[in-house]
Amino acid sequence: MSDHREPPKWPDRLLEFFVKGDLLEEIQGDLFEYYQRLGDLPQWKSTWIYAYHVLHFLRPFALKRISQNSNKLTMLKFNIIIAWRNLLKQKLYSGINIIGLAIGLASAAYIAIYVLDEMSFDEHFENSDRIVRVAAELKMADNYWHFAVSPAPLAAAYKSEFPEIEKAGRFRNEGSILVKKQDELVELGGLMFADQEILEVFNFKLVHGTLANALTEPNTAVLSHKSAQRIFGDNDPVGETFTSINNISYEVSAVVEDLPTQTHFSFDVLISMENYQDANNQIWLSNNYHTYFLLHEGTRIADLENKFSNVYAKYYGPQLQAMAGISYEDAMAGGGIIRHHLQPITDIHLTSGLDVELGANSSMQYIYIFMAVGAFLVLIAAINFINISTARASTRAKEIGIKKVMGSFRSDLITQFLTESVFQAVLATTIGLIMVIVCLPIFNAFVDKQIVDPLFGPSALWWKFVLGGVLIGLIAGIYPAIYLSKFKPVEIMKNNIHVGKSKASFRSVLVVFQFAISLVLIIGTIIVFNQLNYIRTQNLGFDRDKVVLIENSNTLRNNLVPFTDKLNQLPEVEAVSVTSFIPTGTSRSDNAFKPKGDGNVDATVSLQIWNIDPSYFDAFGMELLEGRTFDSSRPADSSAIVLNETAVRRFGLEDPIGKTVEVLGDFTVAGKSEFEVIGVVKDFNYSSIHENVGAMGLYMGPFRGYYTVVKTTSDNYPELLSKLESNWEEFSPSVPFSYQFLDEVFEAQYRAEQKLGSIFTVFTSLALFIACLGLFGLSAYTAEQRRKEIGVRKVLGASVTRLIIMLLGHFTKLLIIAVVLAIPISWYIMSGWLDGFAYRMNLSPMIFIVGSLLALLVAWVTVSFQSARAALSNPTDNLKYE
Amino acid sequence: MPSVYMFYIYEIDAKMKGTHLGEFEEIILLLVGVLRDNAYGLALVDAFEEQASRRVAIGAVHSALSRLTEKGFLESEMTGATSERGGRRKRIFTITASGKRALVNARDLRVTLWQQIPDLSLGRLSFDV
């Protein structure tokens, strides 16, 4: 045989695997003979041809007959038939299993979809793995900052300093811009000034034009597709110009695709940084720019960050000396921090959460919470499965006994029960998949996302989902399978085995576990809602009610004074103030101050320094503790300042009124370098409830601002708004009237927490529902088991109430154990969550009591349903049964 | 049409399902006759490729042979293990009586149909036989 070439092994094996036994020899013979003729060809080619012919035998005639050749397959077919019959025979229990598992799996799938979406942020950029943002951590004297912005000169300086940086560019976020479109004005919400290089860092996808040199010249702009359509319609606008309300014209050099919602920033229009004069400043102590780098391939971020520390002294040193009078070395030795670090953009959405982000971030904490909730839901459903299967064991005992007597191996029985559970799990998975598809629009509306095809789309979640379902079927089935197959046939036949009862304690543990989880979720939900309510009702030092914010007031220019005068004459208007600074978290303006004449650098205090007008405190209902507010008739008040309590404390001013504070270094605020303190305002929370109030100074700069703040006494908002609108139109015919209510702006800050609250509610309800399904099944089973006992008791004179109490008693014991377990766990977890708030509610025992009672009540209702039915039934029916 | 012909169809139908002889099957069946004692899978593949000038997968031929056996047109026997086949025997096919009958019927049908085409139209149709 040495002169014959052996055909390749693997196609031959394949052939042996699928070809019918009686055909195998001649087929292999023919193929062998055929293969000899391929001798001249290279090995790979002959193998390929051989495999081609082998695969051509994948035809019905040649395949092994399932029922004919494989005992295992026959049994599988048979087991599936038995599984189906059992399912139909026990409709209640199978229904509970399948529906519970389907809901659990569908919820878990939704959570997976949500989490995957959250984790896919910023991955859509071409080089997303190489793009990083610079974040700055600074500490000077007692002032600490950690924010997403960095100094203006950093991008260029670091790029020339470190060869690892391929490209470096900056954004300067500027809020919004009003653009003229024929007679009307269009407001583009997301205006950013941008370097040409930032286009190359992100390499935005184009609709029209080109990114090359798109922003190198002044008065050039890149539009998002959406805003291009708003201004120019569907035409290609490249080369066209648009004009802002300030009569500056910009030429459109490119239109880029709208950024997907999975991006940590967004923009409607990018205007060349050449138009932003401040961009060329060389001040390292001022941080206003979002800086992004594109790193060369293979750069290790940690290595690059380490190199940064070599240049801090070079850039910061001279300016620290000049402005604060302290050397870099002394500043660092005195506990100061200057640190720039790099954040991979794909991590920003979930892990950054710094000050001055370009958009709201989420948090990894929430992702973990959701993942845990998803796992719990599946777990609760799987426990139902285990519990009901073991409880129902007695009904299967005879079947098992007979099978064993007839010579069935234990492994066969295990296979049978596993088949049954996998069969049910696959059914549940299918139903779950359908639920996911059907409810997708509701889900999208709920979580505020636009997920189109999560299951069969690029993430191909469906097969993981099916695989997960099968695995759960196997895992949930393995315990009942091993347990059931263990029965001794003799004892079963003699009918003296207490099947199902011996494992009651195990079931009880699982029920306790289920309810403990549900309880933790319930208590968690209650706490989330209480905390949100607490925030809402907090006295934050200003009055949110009945305050209307009229936007775009800056466009009124010379009409601003007559407009506000006119509003002041309205009877229902209590106060009118014009400002750009409102205390709802979005307004920021830092500047470093120190008491005049104090040479000590440590006396420096970073103030939020806000430009307001005399009626600001009235409009926001803020309380002046000492001194007075501004008076526009006193010229000296243009260099006066009102501090908040924290600022007074930080400056260490004993008797603040009449003292003077000065701006650190060569900076000025509204052209002034020193301010006289004329008043002290009670601390009001100006940022987020997550943070404590910082030091703040308010001054009376030029009378202008984005908002006209109207405090009203009226409850008739439609009438008030129409009055405001008609006055607005009188003075500003071209700019549309737009307004917000302060309390709504305030609420919007806590959207993430509110979303968390509502998502929690839904999944908690589902968890409780699935757990109750299981309890329902178990109680039905228990009631059925004790039918005879109930009958006898009834005949002997037991009352219905007593019987129900008796049946409830067992479950109540379990539920109380669950309560005892759940309270400390939920207390621990939720106080961790609450620690993230500067303003946190107290965890009163009432919350735990209410939560526990709620769960107990639902569970009791579930159990009594079955118990009552058993207790009310006619004893004769129960006793003649069997 | 002769009634006898109808009878055959009926008889075969009653015995087995699907005794229709496809074009490929018919050629394979004929080739079994041509090759006589050497009518086994691979030889049939070669003969088919040679006579019909068409490539065919080995599996396709085996499939046809299996169908023809099921229909009762072929019977087979395992013989002749050779070293070219890695010591495996080959299955030699022979045509059964009903196989022959099916071939005759197929041929008769064609002949009948051919005869029904008038000479004139034959010319017009321009068969180049």
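Located above this text is the structure these notes cover.
Computed from a prediction, not measured in an experiment: that's the story for all the values here.

Draft legend 1. Seen up close, the pairing of strand β4 (residues 165-173) of chain A. Residues and elements named next belong to chain A. Relative to strand β13 (residues 287-295), β4 runs antiparallel, the two sharing 6 bridges. Its bridge partner lying in β13, R170 is registered against T291. Where β4 meets strand β7 (residues 191-194), 3 bridges bridge the pair, whose relative direction is antiparallel. Residue N173 lies in a different strand from β7, and its bridge partner there is M192.

Draft legend 2. Seen up close, helix α2 (residues 23-35) of chain B. Residues and elements named next belong to chain B. When the terminal C-alpha atoms of α2 are compared, their 18 Å separation across 13 residues agrees well with the 18 Å that a helix rising 1.5 Å per residue should span. The elements touched by buried residues of α2 are α3 (41-52), α4 (58-70), β1 (74-82), β2 (88-95) and α5 (97-116). Backbone geometry just downstream of α2 places R36 in the positive-phi region, at approximately 50 degrees.

Draft legend 3. Local environment of the interface of chain B and chain A. Contact with chain B, which involves 18 residues of that partner, is made by 19 residues of chain A. Those elements that place two or more of their residues in the side of chain B that touches chain A are α3, α4 and β2 of chain B. Split by residue class, the side of chain B that touches chain A holds 4 nonpolar, 7 polar and 7 charged.

Draft legend 4. A look at the environment of T430(A). Residues and elements named next belong to chain A. For T430, the location among the structural elements is in helix α16 (residues 410-438). Taking the number of C-beta atoms within 10 Å as the measure of exposure, T430 has 15 and is therefore partly exposed. Taking the C-alpha atoms as reference points, T430 and L105, 325 residues apart in sequence, are found 9.9 Å from one another.

Draft legend 5. A look at the environment of E164(A). Residue and element names in this part refer to chain A. By the secondary structure assignment, E164 is in the loop between α7 (154-161) and β4. The partly exposed category is assigned to E164, around which 18 C-beta atoms lie within 10 Å. Taking C-alpha positions, E164 is 9.0 Å from R300, a pair spaced 136 residues apart along the chain. Not counting residues up to four positions away in its chain, the partners in contact with E164 are L295, H296, T299 and L304.

Draft legend 6. Layout of the packing of helix α14 (residues 364-391) of chain A against helix α26 (residues 751-785) of chain A. Residue and element names in this part refer to chain A. Here α14 crosses α26 at 10 degrees, and the two axes come no closer than 9 Å. Here α26 runs roughly parallel to α14, going by the angle between their axes. Facing Y366, V373, F376, L377, I380, A381, I383, N384, N387, I388 and A391 of α14, the residues of α26 in contact are L756, F763, L766, A767, I770, A771, L773, G774, G777, L778 and Y781.

Parameters at a glance
Residues numbered from 1 in each chain as written. Chains lettered and ligands numbered in written order. Predicted model: local features only at pLDDT ≥ 70, side-chain atom pairs only at ≥ 80, totals over all residues. Pairing = 2+ DSSP bridges. Helix = DSSP H or I, 4+ residues; strand = E, 2+ residues; numbered from the N terminus. Expected span 1.5 Å × (residues − 1). Contact = placed C-beta atoms within 7 Å. Nonpolar A, V, L, I, M, F, W, Y, C, P; charged D, E, K, R; others polar. Buried ≥ 20, exposed ≤ 12 C-beta atoms within 10 Å, placed from the backbone. Axes fitted to C-alpha atoms, helices over the stretch in contact; angles between N-to-C directions. Parallel < 35°, antiparallel > 145°, perpendicular 65-115°, else oblique.

Distances and angles like these do not, on their own, reveal function.
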